[in-house]
Amino acid sequence: MFPLASFVVLLTLIFTSLNFPNNSSAFLLCGIFLVVANIAVFLLLDWVDSSDEAIKQKLALEQTVQLQAQNMSALGKAYSEQRKITHDFNSQLETIGCLLKNGDNKDAIEFVTALQAKQTTRSLLVNTHHPIVDALLNQKAYIAKDKNIQIHFEVNDLSNLQLDSVDITTILGNLLDNAIEACVIYGENSQIQVKVLLGNTLFFAIRNTCKPVKIIGEYIPTTKPNAQLHGFGLENVKTLLRKYNGEYAMEYDEGWFTFTGEIDNYPIL
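Computed from a prediction, not measured in an experiment: that's the story for all the values here.

Thresholds, definitions, all that
- Residues numbered from 1 in each chain as written.
- Predicted model: local features only at pLDDT ≥ 70, side-chain atom pairs only at ≥ 80, totals over all residues.
- Heavy atoms only, no water.
- Pairing = 2+ DSSP bridges.
- Helix = DSSP H or I, 4+ residues; strand = E, 2+ residues; numbered from the N terminus.
- Axes fitted to C-alpha atoms, helices over the stretch in contact; angles between N-to-C directions.
- Contact = heavy atoms within 4.5 Å.
- Expected span 1.5 Å × (residues − 1).
- Polar contact = N/O pair within 3.5 Å; in protein donor to acceptor, adjacent residues only side chain to side chain.
- Salt bridge = Lys/Arg side-chain N within 4 Å of Asp/Glu carboxyl O.
- Buried < 20%, exposed > 50% of the residue type's maximum accessible area, 1.4 Å probe, protein only.
- Parallel < 35°, antiparallel > 145°, perpendicular 65-115°, else oblique.
- Nonpolar A, V, L, I, M, F, W, Y, C, P; charged D, E, K, R; others polar.
- Right-handed = clockwise from strand over helix to strand, strands pointing away.
- Core = buried A, V, L, I, M, F, W, Y, C linked by side-chain atoms within 4.5 Å.

Participant: Is there a simple way to explain the sheet that holds strand 3 (residues 201-209) in this structure?
Facilitator: In a beta sheet, neighbouring strands pair by backbone hydrogen bonds and run either parallel or antiparallel. Spatial strand order, 1-2-3-5-4: five strands in an open sheet with mixed pairing. Here the strands that pair on one side only, and so sit at the sheet edges, are strand 1 (150-155) and strand 4 (247-253). The mean inter-strand angle of the sheet, taken between neighbouring strand axes irrespective of direction, is 10 degrees. Relative to strand 5 (residues 256-264), strand 4 runs antiparallel, the two being bridged by seven bridges. The partner of Tyr-252 across the bridge, within strand 5, is Phe-257. Along the sheet face, helix 5 (residues 165-186) touches strand 2 (191-198), strand 3 and strand 5 and points at about 15 degrees away from the line of strand 3.

Participant: What's the story with the environment of Ile-132 in this structure? I'm lost.
Facilitator: Relative to the helices and strands, Ile-132 is located in helix 4 (residues 131-146). Ile-132 sits 33 residues away from Ser-165 along the chain, and the two C-alpha atoms are 7.0 Å apart. Ignoring sequence-local partners within four residues, the contact set of Ile-132 consists of Ser-165 and Thr-169.

Participant: Looking at this structure, I do not really get helix 5. What am I missing?
Facilitator: At 3.6 residues per turn, the α-helix brings residues three or four places apart onto the same side. Between the first and last C-alpha of helix 5 there are 31 Å, a value that for 22 residues agrees with the 32 Å anticipated at 1.5 Å per step. In this structure Asp-164 caps helix 5, since a side-chain oxygen of it lies 3.1 Å from the backbone nitrogen of Val-166. Just downstream of helix 5, Gly-187 is the residue with a positive phi angle, here 100 degrees.

Participant: What exactly am I supposed to notice about the pattern of salt bridges here?
Facilitator: Opposite charge on two side chains permits pairing when their charged atoms draw close. Inspection of the entire model under this criterion finds four salt bridges. In this structure, Lys-243 and Asp-167 form a salt bridge, with 2.8 Å as the shortest nitrogen-oxygen distance. Separated by 76 residues along the polypeptide, Lys-243 in helix 6 (residues 232-243) and Asp-167 in helix 5 bring together distant segments of the chain. A relative accessible area of 42% means that Lys-243 is categorised as partly exposed. Residue Lys-238 is joined to Glu-235 by a salt bridge in which the shortest nitrogen-to-oxygen separation is 2.9 Å. Highlighted residues: Lys-238 and Glu-235, both in helix 6, separated by three residues, approximately one helical turn. The class for Glu-235 is partly exposed, based on a relative accessible area of 25%.

Participant: Sorry if this is basic, but what is going on with unusual backbone geometry here?
Facilitator: Glycine aside, residues mostly have negative phi, and peptide bonds are mostly found in the trans state. With a phi close to 65 degrees, His-129 is a non-glycine residue in the positive phi region. One can find His-129 in the loop between helix 3 (105-119) and helix 4. A positive phi is found at Asn-148, a non-glycine position, where the angle reads about 60 degrees. According to the relative accessible area criterion, Asn-148 is exposed, its value standing at 68%.

Participant: Any chance you could explain the packing of helix 4 against helix 5 here in plain terms?
Facilitator: Helix packing geometry: the angle between the two helix axes and the distance between the axes. Taken N-terminus to C-terminus, the directions of helix 4 and helix 5 make an angle of 10 degrees; their axes are 10 Å apart at the nearest point. Relative to helix 5, the element helix 4 lies roughly parallel. Counted together, Ile-132, Val-133, Leu-136, Leu-137, Lys-140, Ile-143 and Ala-144 of helix 4 and Ser-165, Ile-168, Thr-169, Leu-172, Gly-173, Leu-176, Asp-177 and Ile-180 of helix 5 form the full contact between these two elements. Partitioning the contact of helix 4 with helix 5 into residue classes produces 10 nonpolar, three polar and two charged.

Participant: Help me understand the pairing of strand 1 in this model?
Facilitator: Residues in a regular strand project their side chains so that they alternate between the two faces of the sheet. With six bridges joining them, strand 1 and strand 2 adopt parallel strand pairing. Bridging across to strand 2, Val-155 finds its partner in Val-196. In the classification by handedness, the crossover that spans strand 1, the intervening helix 5 and the parallel strand 2 is left-handed.

Participant: For this particular structure, what's the right way to read the nonpolar core?
Facilitator: Counting residues in each nonpolar core, the largest one holds 37 residues, and the members touching the most others are Ile-192, Leu-202, Phe-204 and Phe-259. Taken together, the elements giving at least two residues each to this core come down to helix 4, helix 5, strand 2, strand 3, helix 6 and strand 5. At nine residues, helix 5 tops the list of elements feeding residues into this core. In this structure, Leu-202 is in contact with Leu-158, Leu-161, Leu-163, Ile-168, Val-196, Leu-197, Gly-261, Glu-262 and Ile-263, ignoring residues within four places of it in sequence.

What follows is the structure, encoded as structure tokens:
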């Protein structure tokens, strides 16, 4: 509005100077002042845009660092668990070896059968046959369980997923982080339901218990302090979906928030 108003004022000064030539120098000074003021406004807007972009980049970097910290924590737990399993496995092998040496074949078979039954309880919570997606989903599942959040998965074989793994894990990771955060705020009996299904397209839906939220168009106004510093997770998701020309929808209904999305299963060249 300022440049538009300045343009109107400049036109007024020009027409006025034609009628009052004796005051043309004063009109010229006013015109120069308006031009300088417009340049200052444009420089200020450019600085504000640069600062806003720098803030966004900083927040995106902080989000990446937090995600990496969670990944390291999950890897540490997995390593500790694997060490325990390896220690137990060595003891079990010794037991089986002793039984076979003593000719106790029946006891050896029963012992192996019991081990097989026990091993099923140590299997992954989620198995899509896509190692990177499995790592992410299982990590988020353990985080949810640590926070006493019930989490359920409906998945199929994702081994033929053609989409960029970093993009997919960013999308699912942000949505699951949001769902976990909402469930923590919701309190007791919080739940998350996750669908990740691959056909001709990749369809995913994250549904979680949630306190009432207001959805305005494609945005959810945040109630957190410093609102400009929040909400980038969901914006990153929408940006990536637009990159793949994907479709998405959000809704809140009777204590449940749902985000659904669908992407054609082909890589961006």
